[in-house]
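# Inside the fold
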Amino acid sequence: MKIIYWNIRGLRRPRDQDKLRSLVHQFSPSLVWIAEPKVKCSASFCEKLNLAGMQSMVIHNYSSNNKGNIWLFWNKNITTPQVILVSSQMITVSIGDVLVSGIHAHVKKVQRRFLWSEMEIISDLKKPWIALGDSNAVISQDEKMCGKSPNRASMLDFSTCLDNCELIQAPKTGLQFSWSNCQQGKNKIMCTLDKVVFNQQWLQKYGDWVYKVGLRIVSDHAPLLGGFSNIPKTHNIQKMCIYHPEFLSVVKECWSQHIAGDPAYVFMHKLKVKIKEAEEKFKIAMQHSDNNPFDEEALHNLVTAQNEHATREVQANTLLSYTTSDQAMLDAVPSNAEIKSIIFEMDPESAPGPDSFYGIFYRYCWEIICNDPVAAIQFCWERKFIPKGLNSNFLVLLPKCQ
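Please read these numbers as outputs of a predicted model, since none were measured by experiment.

### Topic: the overall build of the chain
On a plain count of helices and strands, the chain comes out with twelve helices and 16 strands. Taking all 402 residues of the chain together, the buried fraction comes to 51%. Element-wise, carbon and sulfur atoms account for 53% of the exposed surface of the chain, whose accessible area totals about 19900 Å².

### Some points on the packing of aromatic side chains
A full pass over the atoms with the stated rule returns seven aromatic pairs. Plain terms: the ring middles of Phe45 and Trp71 are 5.9 Å apart, the flat faces sit at 75° to each other, and that makes the pair edge-to-face. Highlighted residues: Phe45 in helix α2 (residues 43–49) and Trp71 in strand β4 (residues 70–74), separated in sequence by 26 residues. Trp71 carries the same exposure label as Phe45, and that label is buried. Ring geometry for Trp71 and Phe73: centres 6.3 Å apart, planes at 70°, overall edge-to-face. Residue classification places Trp71 among the buried residues on the basis of a relative accessible area of 0%. Looking at Phe73, the relative accessible area reads 1%, which means it is buried.

### Details of the environment of Ile217
In this structure, Ile217 sits in the loop between β15 (209–213) and β16 (224–228). Of the residues examined, Ile217 reaches a relative accessible area of 24% and is grouped as partly exposed. Residues Ile217 and Lys19 lie 198 residues apart in sequence; the distance between their C-alpha atoms is 8.9 Å.

### Digging into the side chain of Ser87
Within the fold, Ser87 resides in the loop between β5 (82–86) and β6 (90–95). Given a relative accessible area of 12%, Ser87 falls into the buried group. In this structure the side chain of Ser87 is engaged in a polar contact, spanning 2.8 Å, whose partner is the side chain of Glu118. Filtering out sequence-adjacent residues up to four positions away, Ser87 remains in contact with Asn61 and Glu118.

### Points about the environment of Arg15
Note on placement: Arg15 falls in helix α1 (residues 14–27). On the accessibility criterion, Arg15 (33% relative accessible area) is partly exposed. Separated by 203 residues in the primary sequence, Arg15 and Val218 place their C-alpha atoms 7.6 Å from one another.

### So, the sheet that holds strand β7 (residues 98–104)
With respect to topology, six strands assemble into an open sheet ordered β5-β6-β7-β8-β14-β10, the strand pairing being mixed. Strands at the two margins of the open sheet, each flanked by one partner only, are β5 and β10 (167–169). Between one strand and the next, the sheet's axes are offset by a mean angle of 20°, whatever the strand orientation. Helix α3 (residues 109–123) contacts β5, β6, β7, β8 (129–134) and β10 of the sheet and is inclined by roughly 15° relative to β6.

### With respect to helix α4 (residues 152–165)
Here α4 contains 14 residues, and its C-alpha end-to-end distance of 20 Å stays within 8% of the 20 Å for a straight helix at 1.5 Å per residue. Considering only its buried residues, α4 is in contact with α3, β8, β10 and β14 (194–199). Of the residues trailing α4, Glu166 is marked for its positive phi of about 55°.

### As for the sheet that holds strand β9 (residues 144–145)
With antiparallel pairing, three strands are arranged side by side in an open sheet as β9-β13-β12. The sheet is open, and its two edges are formed by β9 and β12 (179–180), each paired on a single side. Bridge count between β12 and strand β13 (residues 190–191): two bridges; the pairing is antiparallel. Paired with Ser180 across the strands is Met190, a residue of β13.

### Brief notes about the environment of Gln55
Structurally, Gln55 is set in the loop between α2 and β3 (59–60). Counting along the chain gives 23 residues from Gln55 to Ile78, while the straight-line C-alpha distance between them is 9.8 Å. Non-local contacts of Gln55, meaning those with residues more than four positions away in its chain, are made with Phe73, Trp74, Asn75 and Lys76.

### Description of unusual backbone geometry
Although it is not a glycine, Arg9 adopts a positive phi angle of roughly 60°. Structurally, the position occupied by Arg9 is in the loop between β1 (3–7) and α1. The phi angle at Lys38 is positive, at roughly 60°, despite the residue not being glycine. One can find Lys38 in the loop between β2 (31–35) and α2. Take Lys38: its relative accessible area is 41%, and that puts it in the partly exposed class.

### Things to note about the confidence of the model for the chain
A residue-level look at the chain finds 70% of positions with pLDDT of 70 or above and a mean pLDDT of 79. Predicted confidence is poor over residues 313–323, with pLDDT under 50, and the contacts of this stretch with residues over four places away or in other chains come to 49 contacts.

### Focus: the side chain of Ser219
With respect to the helices and strands, the residue Ser219 is situated in the loop between β15 and β16. Ser219 sits in the buried class, given a relative accessible area of 7%. A polar contact is formed between the side chain of Ser219 and the backbone oxygen of Asn7, at a distance of 2.9 Å. Among the polar contacts listed, one links the side chain of Ser219 to the side chain of Asp220, at a separation of 3.4 Å. Residues contacting Ser219, with those up to four places away along its chain left out, are Trp6, Asn7, Ile8 and Arg9.

About the thresholds
Residues numbered from 1 in each chain as written. Predicted model: local features only at pLDDT ≥ 70, side-chain atom pairs only at ≥ 80, totals over all residues. Heavy atoms only, no water. Helix = DSSP H or I, 4+ residues; strand = E, 2+ residues; numbered from the N terminus. Buried < 20%, exposed > 50% of the residue type's maximum accessible area, 1.4 Å probe, protein only. Areas by Shrake-Rupley, 256 points an atom, 1.4 Å probe, with all protein chains shown as cover. Phe/Tyr/Trp six-rings, centres within 6.5 Å; stacked < 30°, edge-to-face > 60°. Polar contact = N/O pair within 3.5 Å; in protein donor to acceptor, adjacent residues only side chain to side chain. Contact = heavy atoms within 4.5 Å. Pairing = 2+ DSSP bridges. Axes fitted to C-alpha atoms, helices over the stretch in contact; angles between N-to-C directions. Expected span 1.5 Å × (residues − 1). pLDDT = per-residue confidence, 0-100.

And the structure:
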């Protein structure tokens with residue numbers, strides 16, 4: 001079971017929605033927990049999110065006097081989760097014979113004690129159980145860097161709850177600290193507020209379950225990506241990157257490099273290779289900045305790497321589509337003008353397709369990149385062969401109706 005948890009700190013902004021769509025598309029989770037959406041939960045808003053593979057319905061803790069701070073989306077391929085408990089700090093659902101809890105703890109110690117009591121109630125059910133979320137508390141001094149020392153009473157309350165519930169921390173990879181106050185120098189504070197814990201029954205059922213602490217990009221909290229063993233990297237293009245002043249120069253730099261191979265391979269390679277380089281630079285810079293909060297050069301390198309990552313975060317797009325026209329027309333190699341016309345007819349602002357690549361990229365960068373996609377498409381038409389990975393689609397037969 002793959003699960004995403006993210007305290008996104010607001011879903012109203014388009015860039016936050018875009019990043020969430022990208023994570024869901026790339027990770028293909030069974031469950032998506034969202035904390036602090038900061039918008040009213042409605043059917044129209046959930047439809048607008050358009051999360052790939054997920055039901056447009058949502059389980060939430062919205063009430064008449066608050067917007068709700070925890071949402072749960074689930075994949076269309078799993079049974080509808082059965083609600084076990086809903087409170088202001090936790091939602092627990094049952095999926096088959098396992099329990100899954102999404103947590104967003106209160107900032108005040110006294111209020112969090114209600115949450116610890118609720119967790120002990122869930123533990124009494126004696127089922128495989130996993131809890132993910134923002135605990136707003138740490139277990140030890142090692143889980144906080146800089147700022148005031150963690151409150152001892154809060155740490156004791158949290159540790160006691162985990163002991164009483166017989167919960168253990170899940171193995172993790174990625175960043176050490178899931179939250180940062182986004183400051184630098186003596187004002188910078190980092191904590192491991194977002195974590196995953198599970199009981200022995202869950203461990204016996206899913207022995208190789210781990211999670212990754214992602215990069216802090218559009219929120220001060222990092223997303224948690226949980227699943228079995230290897231957790232894939234995620235890439236996508238953000239529409240906001242198109243308007244970055246250095247965007248075209250970066251695209252031009254990537255496209256000017258010589259790549260050996262057939263046109264389809266060259267096109268795919270140019271789109272993907274620079275993404276991996278930029279993401280790795282961003283990850284290293286963020287970790288170095290976290291470990292050296294007083295280093296101004298580290299902050300500068302982090303900002304530079306983040307801009308580069310946001311600009312180069314691109315994947316290959318599905319270019320070819322088939323119609324029901326006669327075979328002769330399909331076999332004819334399309335001209336440059338035909339290819340440009342079709343590509344420019346793509347909706348530039350719609351949610352990305354299976355490869356998370358917006359049509360606006362092609363419009364904006366056409367003068368730089370046009371030779372490669374045109375050559376790749378004409379190459380595939382002439383060979384009557386599409387290399388694996390260049391075009392991925394689901395073909396569905398739908399019955400006609402009046």
